[in-house]
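Next come the chains, spelled out residue by residue.
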Amino acid sequence: MPHSPSLDAYQLIREDCCVGLRNMPEASVDIVVTSPPYNLGIAYKSYKDKLPMEAYLEWTMDWVSELERVIKPNGSFFLNLGSAPSQPLMPFQLAVAIGELWTLQNTFHWIKSITVETPKGDPMSTGHFKPINSKRFVTDCHEYIFHFSHEGNVSLDRRAIGVPYQDKSNIGRWKHTEGGDLRCRGNNWFIPYKTIRQRDKDRPHPATFPVQLAEQCIRIHGVHERSHVVDPFVGLGHAALGAWNSGVARFTGFDIEESYLKCAREQLEKNAGEPAGQAELFSD
Ligand SMILES: C[S@@+](CC[C@H](N)C(=O)[O-])C[C@H]1O[C@@H](n2cnc3c(N)ncnc32)[C@H](O)[C@@H]1O
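Residues numbered from 1 in each chain as written. Predicted model: local features only at pLDDT ≥ 70, side-chain atom pairs only at ≥ 80, totals over all residues. Heavy atoms only, no water.

Engineer: Explanation requested: the packing of helix α5 (residues 211-221) against helix α6 (residues 238-245) in the structure shown.
Structural biologist: Working note: a packed helix pair is described by the angle between its axes plus the distance between those axes. Contact pair α5 / α6: the axes reach a minimum separation of 8 Å and the direction vectors enclose 50°. Relative to α6, the element α5 lies oblique. As for how α5 packs across α6, the hand of that crossing is right-handed. From α5, Val211, Ala214, Glu215, Ile218 and Arg219 reach across to α6, where they touch His238, Ala239, Leu241, Gly242, Ala243 and Asn245. Looking at the contact of α5 with α6 residue by residue, the classes come out as six nonpolar, three polar and two charged. (Axes fitted to C-alpha atoms, helices over the stretch in contact; angles between N-to-C directions. Helix = DSSP H or I, 4+ residues; strand = E, 2+ residues; numbered from the N terminus. Parallel < 35°, antiparallel > 145°, perpendicular 65-115°, else oblique. Left-handed = near helix turned anticlockwise from the far one by under 90°. Contact = heavy atoms within 4.5 Å. Nonpolar A, V, L, I, M, F, W, Y, C, P; charged D, E, K, R; others polar.)

Right, dumping it as structure tokens:
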């Protein structure tokens, strides 16, 4: 059952996250869900997304080491990363570098679009498919979510985002389900973007993740009445909305671009009237 958060405890701060994190007390954060700039030349409003690889890695280790300090011993750090045909190794280079400080506990795949066969054998496609024009590369339909923890042994609440069993006949006899009708969701998370009409108005940011992505990370880690969630690169505030929906008591988000934060604050305020878990979110 979600707790009831208060908007006063949701802070969206215009600040370089390296500075903001440095000012936070040690072991004060339960969960970080974030998607940093990927260094792929994305056109953000303030940030220049094209550093030499060495400088990008150095900068990454700067904020990642602050996270190591502020996240509690049993906390989780969920890192969403995508790649580009020009830089296919980037997510792995980052994961290996971060692995010097953190333990990689799980790897999730955020699937944006998929084609499956119906029981009759017909192909059925669903999700948001953004085709690329290339003879060499296929269209990229997924990103990574690396789940890091300090020691790799954080207990998860797998059934908080569980899926119902298809065959329910044996559920009552299975000990591991404790009589419940939910199994682990696994590590392929199909989360499509919502369809939007006008990019500038409905999603004024070039690189967002869906609210549901943040929500699944938060819920699988587990939420208690004093949970504190942080997103150092909060953008339009989708992690804040995911935290709100999950009943998280306290949220801190940083971004250097005020127009993104303004949008995030507006959405949070709009949703604050809704009970946790029911907030209807703007297009993501
Ligand atoms: C990939 S986007 C995050 C989008 C967010 N997950 C969402 O769904 O809206 C990365 C964000 O990092 C911000 N940013 C870049 N450098 C930053 C820094 N040093 N501190 C805080 N934010 C920064 C950019 O302005 C951008 O909004």
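Engineer: Where do I start with a nonpolar patch on the surface in this structure?
Structural biologist: Nonpolar side chains collect at one region of the surface, where Ile114, Val116, Met124 and Phe190 lie side by side and expose about 300 Å² of accessible area between them. By relative accessible area, Phe190 is classed as partly exposed at 31%. (Patch = residues over 30% accessible without salt bridge, like charges linked within 9 Å, V, L, I, M, F, W, Y side chains within 5 Å. Areas by Shrake-Rupley, 256 points an atom, 1.4 Å probe, with all protein chains shown as cover. Salt bridge = Lys/Arg side-chain N within 4 Å of Asp/Glu carboxyl O. Buried < 20%, exposed > 50% of the residue type's maximum accessible area, 1.4 Å probe, protein only.)

Engineer: Even after reading the chapter, I still don't get α5, so can you show me in this structure?
Structural biologist: Each full turn of the α-helix corresponds to 3.6 residues, which orients residues three or four apart in the same direction. Counting buried positions along α5 yields nine of eleven residues, so the element is predominantly enclosed. If you check which residues of α5 are buried, you get Val211, Leu213, Ala214, Glu215, Gln216, Cys217, Ile218, Ile220 and His221.

Engineer: Explain the packing of aromatic side chains to me, please; I cannot follow it from the model alone.
Structural biologist: Geometry of an aromatic ring pair is reported as the spacing of the ring centres plus the angle between the planes. One pass over the full model with this rule turns up 16 aromatic pairs. Ring geometry for Tyr10 and Trp244: centres 5.4 Å apart, planes at 75°, overall edge-to-face. Taken together, the positions of Tyr10 in strand β1 (residues 10-14) and Trp244 in helix α6 put the pair 234 residues apart, joining distant regions of the chain. Exposure remark for Tyr10: the relative accessible area of 7% places this residue in the buried category. Relative accessible area serves as the criterion here: at 3%, Trp244 is assigned to the buried category. Where Trp59 meets Phe233, the ring centres are 5.5 Å apart and the plane angle is 65°; that geometry is what we call edge-to-face. A residue pair is termed long-range when its members are at least 10 positions apart, and Trp59 in helix α2 (residues 53-70) and Phe233 in the loop between β9 (228-231) and α6 qualify at 174 residues. Of the two residues, Trp59 and Phe233, neither departs from the other in class, the shared state being buried. Members of the aromatic cluster, joined through ring pairs, are Tyr44, Tyr47, Tyr56, Trp59, Trp63, Phe77, Phe92, Trp102, Tyr144, Phe146, Phe148 and Phe233. Taking the ring centre of Trp110 as reference, the NZ or CZ of Lys112 above it sits at 4.6 Å. (Phe/Tyr/Trp six-rings, centres within 6.5 Å; stacked < 30°, edge-to-face > 60°. Lys NZ or Arg CZ within 6 Å of the ring centre and 35° of its normal.)

Engineer: Looking at this model, I keep getting lost on the environment of Ile111. Mind explaining?
Structural biologist: Position of Ile111 among the secondary structure elements: in strand β4 (residues 103-111). Ile111 gets classed as buried once you look at its relative accessible area, which sits at 16%. Not counting chain neighbours up to four residues away, the residues in contact with Ile111 comprise Cys141, His142, Asn188, Trp189, Phe190, Ile191 and Pro192.

Function cannot be inferred from these measures alone, as they are strictly geometric.
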